[in-house]
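Overview (structure and organization)
What follows is the residue order along each chain.
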Amino acid sequence: MSSFFDTVILFLLGLDSVRMIVAILGIVKPTSKYSWLIYGRYDINIMERALLQLGYSVDLAKEITDDISDLSRKIKDNSGINEGNASEKLIILLSRYFTYFEKPINYGGKSISKSLYYINTMEISHNENDLNELTSIMLNLMIDNNIDMPDFIIVPKGGNLLFAQAVAKCLNAELIVVKDSEDKSSVIAPGQALSEAVIRVNFEGSYSVLNKSKNSKKKLIGYLVDCNTSGGTQLLSTLKKFNEMIDACKMNILKPQKAFVLFRADRDKGDIDQKFGELNCKLYRYFDLDEQSKGQIYNATIDAKTRKEKESIDKPSCDVLSYYIKEDRELVDNIIAELKRNKKFYYGGNTNEH
């Protein structure tokens, strides 16, 4: 009988060795359907035990680790974005949607900006692959800044709705679209400006969040999200409206304390961080751009195209920057280095206090 058990133990040890070798070599992707057979749940179990030691209930510890694990998987599955390459990939993606004008153009709403360049992030959202990459880059920024899993995401109606919707979907959160007071579909009701009926019309997608807040034991959490901002007027207006709604209706909702954009398109509109700070909210982004840095990105695409034409590189999209071409990545790294020198880079370990 003992020889039988010896055989079983040796078999299991051999199986474990095979699992270890497969894991080390990366033959099976950790995100694949049956990866648990190789990798198990070791890291998740450690996290669950740590939460239990901190006093969390078994159910809540499992819910937290499941949320984190699911979000981490979504980021890794989407375009291979991680903390080491997110800012590079963002610049490369934006460079494909640069338009250069021979004379300065105006854009914006109440706060007009002038520039020789226009970065068409709205167009990015109409390309499924690029939208997935842009969404992953945003999720990476949010995780880097220690978000709690949100119940909802807020976006101005004049913002990038497709992008905000994609982010909300990945976070399994509701999307609330806030109308501007000048929006033709916005309701004005004298004497009942912030009644629940008016709120349901002017805050599109708020039905389920409002209903959930009535029965929730904890305050619901949400974040502002858009692809970019300039002077911040639209995001600030949206934040003020949302906070007013919470106060007027005594909703069991926490006032948003974090707002996320991928970048700031211009820096000539005053201290945007102070404006958000006055509303007890912090604006997070990868970097700020000005005419000089936008010119650098645009010129990098021209340099890359010229070089590739000389080298007779016959590849799809050879006229744009590629993360997988060393010379292109060096151009992008030079841009990031310049942003850091000018204190316009806010991401990761290279953040400037703002």
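First things first, this report covers the structure right here in the doc. Computed from a predicted structure; not experimentally measured. (Residues numbered from 1 in each chain as written. Predicted model: local features only at pLDDT ≥ 70, side-chain atom pairs only at ≥ 80, totals over all residues. Heavy atoms only, no water.)

Concerning the pairing of strand β4 (residues 174–178)
Note the following rule: Here's how the labels work: a residue is buried when its accessible area is under 20% of the maximum for its type, exposed when over 50%, partly exposed in between, all with a 1.4 Å probe on protein chains only. Counting from the N terminus, the helices are DSSP H or I runs at least four residues long and the strands are E runs at least two residues long. A pair of strands is considered paired only if DSSP assigns at least 2 bridges between the two. If the strands point away from the viewer and the path from the first strand over the helix to the second runs clockwise, then the crossover is right-handed.
Counting buried residues in β4 gives four out of five residues, a clear majority hidden from the surface. As defined by bridge partners, strand β3 (residues 152–156) adjoins β4 across five bridges and the pair is classed as parallel. Paired with V155 across the two strands is V177, which belongs to β4. Handedness of the crossover joining β3 and β4 through helix α8 (residues 161–170) is recorded here as right-handed.

Remarks on the packing of aromatic side chains
The following threshold applies: Under the pairing criterion, centres of Phe, Tyr and Trp rings, with the six-membered ring standing for Trp, must be within 6.5 Å; the plane angle then separates stacked pairs below 30 degrees from edge-to-face pairs above 60, leaving the rest tilted. Ring-over charges, as used throughout, are those where CZ of Arg or NZ of Lys falls within 6 Å of the ring centre and within 35 degrees of the ring normal.
By the definition in use, this model includes 12 aromatic pairs. Taking 5.3 Å as the distance between ring centres and 20° as the angle between the ring planes, the aromatic pair formed by Y100 and Y298 counts as stacked. On the criterion of sequence distance, the pair formed by Y100 in strand β1 (residues 98–107) and Y298 in helix α13 (residues 291–310) is long-range, its members being 198 residues apart. A centroid spacing of 4.7 Å and a plane angle of 45° characterise the contact between Y286 and Y347, whose relative ring orientation is tilted. With Y286 in the loop between β10 (282–284) and β11 (287–288) and Y347 in the segment after α14 (326–341), this pair connects stretches of sequence that are 61 residues apart. Y286 gets classed as buried once you look at its relative accessible area, which sits at 0%. Aromatic rings pair up to connect F98, Y100, Y117 and Y298 into one cluster. Taking the ring centre of Y323 as reference, the NZ or CZ of K89 above it sits at 5.0 Å.

Considering the sheet that holds β4
Strand pairing in a sheet takes place through backbone hydrogen bonds and is either antiparallel or parallel in direction. Spelled out, the test is: Contacts are assigned to residue pairs with any non-hydrogen atoms lying within 4.5 Å of each other. Axis lines are fitted through C-alpha atoms, for helices just across the contact stretch, and the angle between N-to-C directions can take any value from 0 to 180 degrees.
In space, the six strands of this open sheet follow the order β5-β4-β3-β6-β8-β10, with mixed pairing throughout. At either end of the open sheet lies a strand with only one pairing partner, and these are β5 (203–204) and β10. Bridge count between β3 and strand β6 (residues 222–225): three bridges; the pairing is parallel. Considered in β6, the bridge of I153 is made with Y223. Sitting on the sheet, α8 is in contact with β3, β4 and β6, with an inclination near 155° to β4.

As for the sheet that holds β11
Taken together, three strands build an open sheet; the order of strands is β7-β9-β11 and the sheet is parallel. Looking at which strands have only one partner, the edges of the open sheet turn out to be β7 (228–229) and β11. Where β7 meets strand β9 (residues 263–264), two bridges bridge the pair, whose relative direction is parallel. In the strand pairing of β9, N228 is matched with F263.

Things to note about unusual backbone geometry
Of note, N172 is a non-glycine position whose phi angle comes to about 55°, a positive value. Along the chain, N172 turns up in the loop between α8 and β4. Judged by its relative accessible area of 69%, N172 falls in the exposed class. If you check the backbone angles, K343 has positive phi at about 55° while not being a glycine. Considering the arrangement of structural elements, one finds K343 in the segment after α14. For K343, a relative accessible area of 59% gives the class exposed.

What about α14?
Convention followed: A helix's residues, less one, multiplied by 1.5 Å, set its expected span. Directions are taken from the helix axis to each C-beta atom, and the arc is the one they span.
Taking 1.5 Å as the rise per residue, α14 with 16 residues should run 22 Å; its terminal C-alpha atoms sit 22 Å apart, in good agreement. For α14, the full list of buried residues reads D328, V332, I335, I336, E338 and L339. Down the axis of α14, the sector holding all buried residues measures 160°, keeping them to one side. Turned more than 90 degrees from where α14 packs its buried face, K326, N334 and R341 sit exposed. The secondary structure elements touched by the buried residues of α14 are α5 (86–95), β11 and α13. K343 sits one or two residues past α14 and shows a positive phi near 55°.

Considerations on the nonpolar core
The nonpolar side chains of a soluble globular protein tend to be buried with one another. Rule in force here: Residues belong to a common nonpolar core when they are buried Ala, Val, Leu, Ile, Met, Phe, Trp, Tyr or Cys residues joined through side-chain atoms within 4.5 Å.
In terms of nonpolar packing, the biggest core is built from 54 residues, with M142 and F287 touching the most fellow members. In terms of residues, this core owes the most to one element, helix α7 (residues 128–144), which gives seven residues. If near-sequence neighbours (up to four positions away) are discounted, F287 is found in contact with S87, L90, I91, L94, L262, F263, R264, L339, K344, F345 and Y346.

As for the pattern of salt bridges
Our working definition: Basic side-chain nitrogens of Lys or Arg form a salt bridge, by our definition, when they fall within 4 Å of a carboxyl oxygen of Asp or Glu.
For the structure on display, the rule yields 14 salt bridges. Residues D247 and K255 are paired through a salt bridge, measuring 2.9 Å at the closest nitrogen-oxygen approach. The class of D247 is partly exposed, set by a relative accessible area of 44%. Taking the relative accessible area as the measure of exposure, K255 reaches 33% and is therefore partly exposed. As a salt-bridge pair, R285 and D288 come within 2.8 Å of each other at their nearest N and O atoms. Among the residues examined, D288 registers a relative accessible area of 1% and is labelled buried.

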